[in-house]
Amino acid sequence: MSRIIQTDGVGKQRNQLLRAIVISIRELMKQQTVDSATRDLAAFISSALLAVHDTVERTVAPWEKRGYWVKADKFRLEWAWTKQTGEEMLEAAKDEDWGMVAALAAQVGQRLSGIKVSDNHRMGKPWVGAWEMMHKSE
């Protein structure tokens, strides 16, 4: 029996999520009024940040098995902000505190300023329906 090679690794998933967050922040900053798209964007960004945090935990698990504790802790510290900011944005979106959502989106945008996504990306609009999904998961 041959080995199964997973081509969609955790790092690749994290990078895709980060690019989707960058695209969503760009779109959120274009919003002039609060509408369904704004709600979807805020819900998507918060859930994507929490998903990024989950990928970090899945990344460090094998490192800890091999005894790379320092590497694992350093990586966790590097990405610790994703859980905190994701939870804060989730609460702000649920409370419909759009000033706080905008402030948190700006913070996330600064942290992800090194991620380049072209204007002609093929990711579509991953945030569509995120508001409904957020309320279904409650």
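First things first, this report covers the structure right here in the doc. (Residues numbered from 1 in each chain as written. Predicted model: local features only at pLDDT ≥ 70, side-chain atom pairs only at ≥ 80, totals over all residues. Heavy atoms only, no water.)

1. Examining unusual backbone geometry
- Here the phi dihedral of Glu-96 falls at roughly 55°; this positive angle occurs in a residue that is not glycine.
- Within the element layout of this structure, Glu-96 appears in the loop between α4 (81–94) and α5 (98–111).
- Look at Glu-96 and you get partly exposed, because its relative accessible area is 37%. (Helix = DSSP H or I, 4+ residues; strand = E, 2+ residues; numbered from the N terminus. Buried < 20%, exposed > 50% of the residue type's maximum accessible area, 1.4 Å probe, protein only.)

2. Looking at the side chain of His-53
- Within the secondary structure, His-53 sits in helix α2 (residues 36–65).
- Overall, the relative accessible area of 18% leaves His-53 in the buried class.
- Non-local contacts of His-53, meaning those with residues more than four positions away in its chain, are made with Thr-82 and Lys-83. (Contact = heavy atoms within 4.5 Å.)

3. Points about the pattern of salt bridges
- The final tally for this structure, using the stated rule, is 5 salt bridges.
- When the shortest N-O distance is used, the salt bridge between Lys-30 and Glu-27 registers 4.0 Å. Here the residue Lys-30 and the residue Glu-27 both occupy positions in helix α1 (residues 10–30), the gap between them amounting to 3 residues, near one helical turn.
- The exposure class assigned to Lys-30 is exposed, which follows from its relative accessible area of 56%.
- The partly exposed category is assigned to Glu-27, whose relative accessible area is 27%.
- Here the salt bridges share partners, and the residues they tie into one network are Glu-57, Glu-64, Asp-73 and Arg-76. (Salt bridge = Lys/Arg side-chain N within 4 Å of Asp/Glu carboxyl O.)

4. Digging into α1
- Helix length check: α1 (21 residues) gives 31 Å between terminal C-alpha atoms against 30 Å at 1.5 Å per residue, within 8%.
- Of all the residues in α1, the buried ones are Arg-14, Leu-18, Ala-20, Ile-21, Val-22, Ile-23, Ser-24, Ile-25 and Leu-28.
- For α1, the elements touching its buried residues are α2, α3 (69–79) and α5. (Expected span 1.5 Å × (residues − 1).)

Shape is all these values report; function is a separate question.
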